[in-house]
Each structure stands twice: as structure tokens, then as C-alpha cells.
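Structural overview
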Amino acid sequence: MTAHRMVMHASTLLAVALLALATGVQPAGAARAPDVRAGVGQADITPPTGIPFGGWVRADRSGRGVHTRLNATAIVLERGGRKVALVSVDLFAAVGGMVKEAADRNADLGYSERNVMVSASHTHGGPSGYANFSTLNTLAPSIETIDRPNTFAEFINPRPVDRQLYTFLVDRIALAIRQADRTLAPARVGWGEARLTDVTKNRSLEAHLANHGLILEPGKGRPEQDSEGRLHTIDPEVNVLRVDRLVRRSRPCVRRGRRTRCRRTVAIPMGGWSMFANHGTVNPASYLYYNQDHHGAATRVFEREVRRIGRVPASRRVVNVYGNGNEGDQSAGLDGQGPVIAERVGRREAAAMLRAWRQAGRRMTRRPTLDVRWTRVCFCGQMTSQGPVGDTPVPGMPFLTGSEENRGPLFDLTGVPFEGHRSPTESGFKSQGHKIPVPGASTSTYPNAAPLFSIRVRDRLIVSLPGEPTVEVGRRVRARVLEAVRPANVRRVIVSGLTNEFLQYLTTPEEYDRQHYEGGSTMYGPNQSVLLTDHLAELSQHLVRGEPAQEAYEFDPRNGVTADAKPYGKGAERGTIVEQPRDGQRETQLVEFGWTGGTRGLDKPLDTPFITVERRRGTKWKRTTDDLWIDVRWQVDDDGRYTAQWMVPEGTAAGTYRFVVTANRYALTSRSFVLRG
């Protein structure tokens, strides 16, 4: 072969290879790239009643019943032997030790904390007391707990982890991942986007405006003062990773004049991984039901609609893995709170997620890029790109009086919020700026290291943050990571907050300096988020270059806690009806049914309905709704008396109905009642 022909032959081969990369078509003789496989799982993580809420940090607020079940929900993606689990949990935090334990339970399937990404929804309607580091189990006493001296002692010296609750959560999260792995099957995936501009507001405007050089006293800021417009004060982006199962089906057909059966591939929706930034505080601390907050309606309505649109059979699970993003200063609960508003917000979120899900349907692929990098960084006083980070966790005074959605017990007594209280000189704690410190935390009671993820799915990167980033922190992380990976054809970076550890808030240096609630709850100083941003940019760069991640800091997030406590009991052996439902109008808001059973709600089964409302159709009874949906709730008192309430939705048909209770160890049926038009 002449030199000219050799050059032409090499050019042709190069052109074919480039065409194959661009189109996904393999040249003749090349090994076919493997298709992606996907599976989904879900496990009920609703604990017994009586546990104080996580997030509100109040000893006088605990779950006395259940409105919407709390869940661990998982999507597993696998391609070419590489697995990634994307998980959400309806808790205020996904603490590192719990996540590691749950992942290690599935080590036989190839999982570890390095490929299991768990984001908390940050509902404040879930339990507290499961954190591996005791500072995160802090509960503030109040006038209502004055007859319980232990609450005052525990505020100074927070209680250790509730090992029975911890074990329960570990087991159930591990189960959701295992279920998802068990259902792995050929699939296709795609990304979609939407915007939701009028649901959330920035609750800490003056701190946010400091990013633009405006220094204002608390309560003096307005969204229009942001030089880039009102929408710059929030993150309106909704991102959805759609996942469809691919199933081979046959049907009768005629081929070459003969009757035969033809096989075709059918896509069956499995749901999606969704991301939107919105605090889990639409339901107030006084709403004493475990609940998913606005996530309850968002996940359930999305899942029901996807099932309906895709004609998914009841035997196949559909999920919405909805964690939370850079929600640190964003909330839908500033203009009103309560379950009606939470449902309204959730339905708006579901509608936006469905728009993104439909859009993704036009961009699906069987062979997406799938890769992951993981590392762990410490807060050891090292330098960042903007200065040193702290090496000691220090809360500030604003932490003591809570946020705008629900001030803490100290505010109840004084009526004075500590937001904006800052030292005129830098504090005596290294690298803590103008924070007025509150003693109590240390690296023995608070994590001083955190894991970080960078996950590529097709042309998107998901990067994690181990706490509650503000809108501006999220924006800076996305910009910095996108710049670091720009040559790699990455179209968008998505921030998953509250992921695999909980360091409370992550603020910019400018926001930290103003010492609002978020800055006072940023534990390692003004450069805490800068350190994480630096490492995420480096980690993502290693990912797109196909290089190993930077060395991980050696640290055990379990902090000596083991998940080996005994399981919860199954409740009472029998129940006794004490209150029958009454006839009413269709627009009556509540219909009640009461009975006695076991205490702490232990009678409730996991994963299946506890309370069902049925309607009579002819001689048969048909299910209308149950407590796995959003219109049935129940409470139980200390004597084991249960009260179930059906919050009758608008448009409910007139007719004859009844309650059915299916407990772990007994069953009850109410008398029938009539709803009239």
C-alpha cells in the first residue's frame, strides 16, 4: 500500500469511528455497547408515633399520627457492570453513617457508599434522633416541656442515637435499594426540564442580596432589589431523569402471506428522578402528623399520572425519586402553611415534573454515558480558593431562634429573633468570621468530613452537597463545575442537596457574613461551601477525563453506631370500634372513625394500606382511597385510641361508603355511611 493510500485508509477509519461515536452506531465487527438497565424500589420508613420531629429542633413537637407515609425510594441504573443507586428518603437529613450502613447491606450486589447517592426530602414532618453524631439529635426545650427536666439536660448534652429507629431506617433504605436491583431490566433514559417560578420565595433576602453588594437590615430586602431580577432570588429549575423499562412483546401478524407472531419492543414508564429546590416546611410544627410535606402530593400525583399516561399495569411499580436541591433559603411556606397549602404546592410541582417527564420522552436513549466519581473531604483548617476553612464546628446565635417558617422556643419566650446578630470583630474561633459562637458542638459530636458525588448520566452531571445549600451556593457550584468540564459536552449540572451527610447549611461567604439563620447554622465558617465547590469541580474534571477521583479523607461516618437493635413490634392482637362514621354532605371536610388498639401506632402495617375507604357498587364494595394516598390521615393517643379521618375531596361521588382497617394482627369494618349530594 502506498503512503497516499495508507493515509486515505486511516482517514476513512477515523471518519467511521467519529460517525459511530456521534450516532451510537457501531462499525461492522465492533462489539456492541451494552444497553442500560434500570430498576426501581420503594420501602415504607414511617416509624412508630411519639418521636419528636426532625428539622424543627423542638422537644415539644412530635408525630402523633400519620398523614402521608414516609418512604425510601430508589432508582438503580446499571451499564457495562457499573451501578449507581439514586435514592430519596422522606427525612430531614440523610446522615452519612445511616447511608453507609444501608449501602453495605447490599455489598453482595455491588453497592457501597461510593455508588449509593441518598438525598433527603427535608420534610420537617419526619422523625429525629437517628443521627450518628449527637449534635444533630439536638432538641430545644420549651414551656410545654417544663415538666420534663430531661429535655433541658438533653439540650445541653444531646441524646445519643435512637438505635431502634436507626436500625429500622437502615433496614428499610437497604430494602428499597435491593428491590430496585432485583428489578433491573433493559431500559432507556432521558432528561427533561421545566420551570416553576411562582411557588417558592427566598426567606433570607437580605443575606442573599449581600451577594450583590447590598447590605440591609433583616426585613428590609425586596426581591426586585436583586440586580438580576426577582427570579435570581430563587431556583425555578425542575429537572427530571425519565426512566422507561423496555419489554419485548409478541402479537399476531402476517409476514410473507403467513400468519405468525411478530415481536416488538415496548417502553413501559418506571417514573423518574426529580429535582426541585423547596424547603420541607409548608406544614407547620404544630401539625402533629408524620408527613412528606409538599413532597407527598408531588410524588403521588406524578406517579399516578405517569401510570395512567403509560398504561402501566398495577403489578409494576412507578416511582418519583424526589429529594431536594439548593433549598437552603427557599420555601413555599412563607405566605401560608398547612396541609391544604402543602397539597396545592405539591400538585404544582407534580405538574412541572410531568412537563419535564414528557419532554424527556423525546430524548430517550438505550446507551447513555453512565459514570460516577466519589470522594470525601475534611474540614481540617486547610486553605480553599478563597481562604481558610474552619476545623471546629461552631453554631452561631441565629441558630437558637429558628427560621422564618417557625421560630424556636427561645423566640416564643423573648419574641426576639437573633438573625443579623454578629460580632463587630472576628470571633475567637479560628476561621469563623463575625459569628457570635454558641458553645456545645465538637468534632466528637458533629461530623468533620463529608462525601461528594459527581455522577454523569448522558449529557448531565449530578453533583451532591452534604447539607442545605442556598440558591446562590447552588448557582456558584453549577457554574464552577460546568466551567471545569466544558470540553466534555456536558449540557447541564444539577445540584442534589442534603446528600449522604448533613452539615446543616451551606452559605456563600457574603451570606455567612450577615449571620442570618442560615449563616449562623453554617458550622465551619464562611469558606465551608467554597471548599466543597473546589472539590466538586476537581472531582467532576476527573470524571469527564476518565481519571480516578482525588484521594478520599479517611473517616467512618458511623461514629461507632451499629444497626443491630431489635425490630419494632406488630401492635395489638385485636381492636375494638368506639366511634362510627356519620352520614354527611359530599362537601363535608372530614368523616371520622374511631377504635382502640395498640399504642404508638404499631398496629399499622408497612407498605400496605392501614385504612381504606370503600364505596358500595351494587352488591360489592370497591376501594375509593386509602392512607397510601393524600386524603386519609390518622392519630393515636397514649391509651391506644385511634381516630381515622377521611378528608373528602371535592367532586367525590354521592353514595354509600365505609372504613376498613387492616392492621398487622386484626381487621375492622365500620358501619356504612352516606354522602349526599
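1. Observations regarding the overall build of the chain
Counting its regular elements, the chain contains 12 helices and 29 strands. What you see for the chain is a C-alpha radius of gyration of 26 Å, in line with the 26 Å of a compact globule of 677 residues. Its C-alpha atoms put the chain at 95 × 80 × 50 Å along the principal axes. In the chain, which comprises 677 residues, the proportion classed as buried is 59%. Long-range contacts, defined here as pairs at least 24 residues apart, represent 78% of the contacts in the chain between residues at least 6 apart. Counting every atom, the chain has about 27,400 Å² of accessible surface; 50% of that belongs to carbon and sulfur. One finds the centroid of the 92 positive side-chain charges in the chain at a distance of 13 Å from the centroid of its 71 negative side-chain charges.

2. Quick word on the sheet that holds strand S18 (residues 492-496)
Spatially, S12-S15-S16-S18 is the arrangement adopted by the 4 strands of the open sheet, whose pairing is mixed. Where the open sheet ends on each side, the last strands, each with one partner, are strand S12 (370-378) and S18. Taking the axes of each pair of neighbouring strands and ignoring which way they run, one obtains an average angle of 15° across the sheet. Summarising the sheet, S12 and strand S15 (residues 449-457) pair through 9 bridges and their orientation is antiparallel. Following the sheet pairing, Leu 370 is matched in S15 by Val 457. Packed onto the sheet, helix H12 (residues 528-545) meets S12, S15 and strand S16 (460-464) and runs at close to 40° relative to S15.

3. Focus on the pairing of strand S9 (residues 258-275)
Direction of pairing for strand S8 (residues 237-255) relative to S9: antiparallel, over a ladder of 17 bridges. Bridge pairing links Leu 246 to Ala 267 in S9. The hairpin turn running from S8 into S9, its antiparallel successor, is 2 residues long, and Arg 256 in that turn takes a positive phi close to 55°.

4. Remarks on the packing of aromatic side chains
The final tally for this structure, using the stated rule, is 21 aromatic pairs. Taking 6.1 Å as the distance between ring centres and 10° as the angle between the ring planes, the aromatic pair formed by Phe 133 and Phe 555 counts as stacked. In this pair, Phe 133 is assigned in the loop between strand S5 (116-120) and helix H3 (149-156) and Phe 555 in the loop between H12 and strand S20 (576-579), connecting sequence segments 422 residues apart. Each of the two residues, Phe 133 as well as Phe 555, counts as buried.

5. Overview of helix H2 (residues 96-104)
A large share of H2 lies buried, amounting to 8 of its 9 residues. Among the residues of H2, Gly 96, Gly 97, Met 98, Val 99, Lys 100, Glu 101, Ala 102 and Ala 103 are the ones counted as buried.

6. Concerning the nonpolar core
With 99 residues, the main nonpolar core has Val 89, Met 98, Tyr 130, Trp 595, Trp 646 and Phe 659 as its most contacted residues. Top contributing element to this core by residue count: helix H4 (residues 163-182), with 10 residues. Ile 268, Val 312, Val 318 and Ala 356 belong to the second-largest nonpolar core, a separate cluster that totals 29 residues.

7. Brief notes about the pairing of S8
Inspection of the sheet shows strand S6 (residues 185-195) paired to S8 by 9 bridges, in the antiparallel sense. Paired with Val 189 across the strands is Val 243, a residue of S8.

8. Structural notes on the sheet that holds strand S26 (residues 641-647)
Pairing between the strands of a sheet comes from backbone hydrogen bonds, and it takes one of two forms, parallel or antiparallel. Judged by pairing direction, the sheet is antiparallel, and its 5 strands sit side by side in the order S2-S25-S26-S22-S20 without closing on themselves. Each end of this open sheet is capped by a strand with a single partner; those strands are strand S2 (65-66) and S20. Here S2 runs beside strand S25 (residues 632-636); their pairing, made up of 2 bridges, is antiparallel. Paired with Gly 65 across the bridge in S25 is Gln 635.

9. A look at the pattern of salt bridges
Pairs may arise between side chains of opposite charge once their charged atoms sit close together. Tallied over the entire structure, the rule returns 49 salt bridges. Its salt-bridge partner being Asp 371, residue Arg 82 comes within 3.1 Å of it at the nearest N-O pair. Of this pair, Arg 82 sits in strand S4 (residues 82-89) while Asp 371 sits in strand S12, and the two are 289 residues apart along the sequence. Given a relative accessible area of 35%, Arg 82 falls into the partly exposed group. Classification of Asp 371 by relative accessible area gives buried; the value is 14%. A salt bridge links Glu 343 to Arg 347; the shortest N-O distance between them is 3.0 Å. Residue Glu 343 and its partner Arg 347 are both found in helix H7 (residues 339-360); the two are separated by 4 residues, about one turn of the helix. Look at Glu 343 and you get partly exposed, because its relative accessible area is 29%. Three or more residues joined by partner-sharing salt bridges are found here, namely Glu 193, Arg 363, Asp 459, Arg 460 and Arg 491.

10. Some details on the environment of Ile 268
Note on placement: Ile 268 falls in strand S9. The buried category is assigned to Ile 268, whose relative accessible area is 4%. Once the C-alpha coordinates of Ile 268 and Asp 244 are considered, the two residues, 24 residues apart in sequence, prove to be 5.3 Å apart. If we skip the residues at most four places from it in the chain, Ile 268 touches Asp 244, Arg 245, Val 247, Arg 249, Val 312 and Arg 316.

Calculation rules
Residues numbered from 1 in each chain as written. Predicted model: local features only at pLDDT ≥ 70, side-chain atom pairs only at ≥ 80, totals over all residues. Heavy atoms only, no water. Helix = DSSP H or I, 4+ residues; strand = E, 2+ residues; numbered from the N terminus. Rg over C-alpha atoms; globule rule 2.2 N^0.38 Å. Buried < 20%, exposed > 50% of the residue type's maximum accessible area, 1.4 Å probe, protein only. Contact = heavy atoms within 4.5 Å. Areas by Shrake-Rupley, 256 points an atom, 1.4 Å probe, with all protein chains shown as cover. Lys, Arg positive; Asp, Glu negative; His and termini not counted. Charge placed at Lys NZ, Arg CZ, Asp CG, Glu CD. Pairing = 2+ DSSP bridges. Axes fitted to C-alpha atoms, helices over the stretch in contact; angles between N-to-C directions. Phe/Tyr/Trp six-rings, centres within 6.5 Å; stacked < 30°, edge-to-face > 60°. Core = buried A, V, L, I, M, F, W, Y, C linked by side-chain atoms within 4.5 Å. Salt bridge = Lys/Arg side-chain N within 4 Å of Asp/Glu carboxyl O.

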